[in-house]
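For reference, the chains in residue letters:
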Amino acid sequence: MSTPEISEHVNVNWFKQDYWLNLGRLLGANSGRGTAWTIKSEWGKWVLRHYLRGGLYAKINRDSYLWTGLNNTRAVKEFTLLNQLQEMGLPSPKPIAAMVIKKGLFYQNDLIMENILHDQTFAQALLKTNDNEMWRNIGHTIAKFHANGIYHSDLNAHNILLMKNKVYLIDFDKGDIRRTHAGWQKNNLLRLKRSIEKVTQQSCDHALKNQWQILMDGYHA
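Because the structure is predicted, anything quoted here is derived from the model rather than measured.

(A) Structural view of the pairing of strand S6 (residues 106-114). By the criterion of burial, S6 is predominantly enclosed, with seven of the nine residues buried. In the sheet, strand S3 (residues 44-50) pairs with S6 via five bridges, with the strands oriented antiparallel. Residue pairing for S6: tryptophan 46 is matched across the bridge by glutamate 114. With two bridges joining them, strand S4 (residues 65-66) and S6 adopt antiparallel strand pairing. Across the sheet, the residue bridging to leucine 66 is phenylalanine 106, located in S6. Pairing between strand S5 (residues 95-103) and S6: eight bridges, direction antiparallel. Residue pairing for S6: alanine 97 is matched across the bridge by isoleucine 112. The hairpin formed by S5 and S6 contains two residues between the paired strands, and glycine 104 there has a positive phi angle of roughly 65 degrees.

See the structure below:
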């Protein structure tokens, strides 16, 4: 599956790292869930992700998932969600194309999405500055997603991109749209809080108390 504007051009080779390497268009690797590569296409910079398992499952089966239908595959679900985020006008990557390969009872999958131009991640910024406006903008942006019922399964400092005063959220694998509820929204924020503390080695209840409160003020504004 792909976006309409490139549907006639989609090539299975697009989902192969070596293809872009041989063209001299493989620009580098990105950290995060799965293997992600920045590539330079004719339509601009993209991110190519091959879905990989985490935890104990990775030791048994690195990149194969149990088949329960095309619409239940990780790539198709994330592609669909990213499309919905674009329709809502939420700052997130635009999906480009997804590929699912079924092998017996299992499948492997890949996703290509827009590479978002940014200066740094929130995690990187945390080690450089405590700019109050940055914290406020992040809280306000997260609130926009939550107001639309967008659940991010891994909201952490590495999945928040910053470009001047703009804030973007990335990596919506396992994310979904659900009924707005204070329970899961609070857990989302607590996950981010733990991530901030892990990156900075400082507590959001003590050393970073003022900054965290500014983020929360931005969230509730």
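(B) Examining helix H7 (residues 209-220) more closely. Look at H7: 16 Å from first C-alpha to last across 12 residues, which is about the 16 Å you get at 1.5 Å a residue. Turning to H7, its buried residues number three or more, namely Gln211, Trp212, Ile214, Leu215, Met216, Gly218 and Tyr219. Residues of H7 that are buried make contact with helix H5 (132-147) and helix H6 (182-200).

(C) Quick peek at the pattern of salt bridges. Tallied over the entire structure, the rule returns eight salt bridges. The shortest N-O distance in the salt bridge between aspartate 173 and arginine 74 comes to 2.8 Å. Remark: arginine 74 occurs in helix H3 (residues 74-88) and aspartate 173 occurs in the loop between strand S10 (166-169) and strand S11 (176-177); sequence separation between them is 99 residues. Arginine 74 carries the same exposure label as aspartate 173, and that label is buried. The network of salt bridges with common partners includes Arg49, Glu78 and Asp171.

(D) Molecular detail of the side chain of threonine 121. Locating threonine 121 in the fold gives a position in strand S7 (residues 120-121). Each residue touching threonine 121, except ones within four places of it in the same chain, is listed here: Ala157, His158, Ile160, Leu161 and Leu162.

(E) Geometry of the nonpolar core. Core analysis: the largest hydrophobic core is formed by 42 residues, its most contacted members being Phe122, Trp135, Ile138, Ile160, Leu192 and Ile196. Among the elements of the structure, H3, S6, helix H4 (122-126), H5, strand S9 (160-163), S10, H6 and H7 are those that each provide at least two residues to this core. No other element matches H5, which puts six residues into this core. If sequence neighbours within four positions are ignored, isoleucine 138 has contacts with Phe122, Ile160, Leu162, Val167 and Leu215. In terms of nonpolar packing, the next biggest core, distinct from the first, is built from 12 residues, Ile6, Leu48, Ala97 and Met99 among them.

(F) Spatial organisation of the sheet that holds S7. Taken in spatial order, the three strands of this open sheet run S7-S9-S10, and their pairing is antiparallel. The strands lining the two open edges of the sheet, one partner per strand, are S7 and S10. For S9 and S10, the ladder comprises four bridges, and the chain directions are antiparallel. Note that in S10 the partner of methionine 163 across the bridge is lysine 166. The sheet strands contacting H5 are S9 and S10, and the helix crosses S10 at an angle near 45 degrees.

Conventions adopted
Residues numbered from 1 in each chain as written. Predicted model: local features only at pLDDT ≥ 70, side-chain atom pairs only at ≥ 80, totals over all residues. Heavy atoms only, no water. Buried < 20%, exposed > 50% of the residue type's maximum accessible area, 1.4 Å probe, protein only. Helix = DSSP H or I, 4+ residues; strand = E, 2+ residues; numbered from the N terminus. Pairing = 2+ DSSP bridges. Expected span 1.5 Å × (residues − 1). Contact = heavy atoms within 4.5 Å. Salt bridge = Lys/Arg side-chain N within 4 Å of Asp/Glu carboxyl O. Core = buried A, V, L, I, M, F, W, Y, C linked by side-chain atoms within 4.5 Å. Axes fitted to C-alpha atoms, helices over the stretch in contact; angles between N-to-C directions.

Read these as geometric descriptors, not functional statements.
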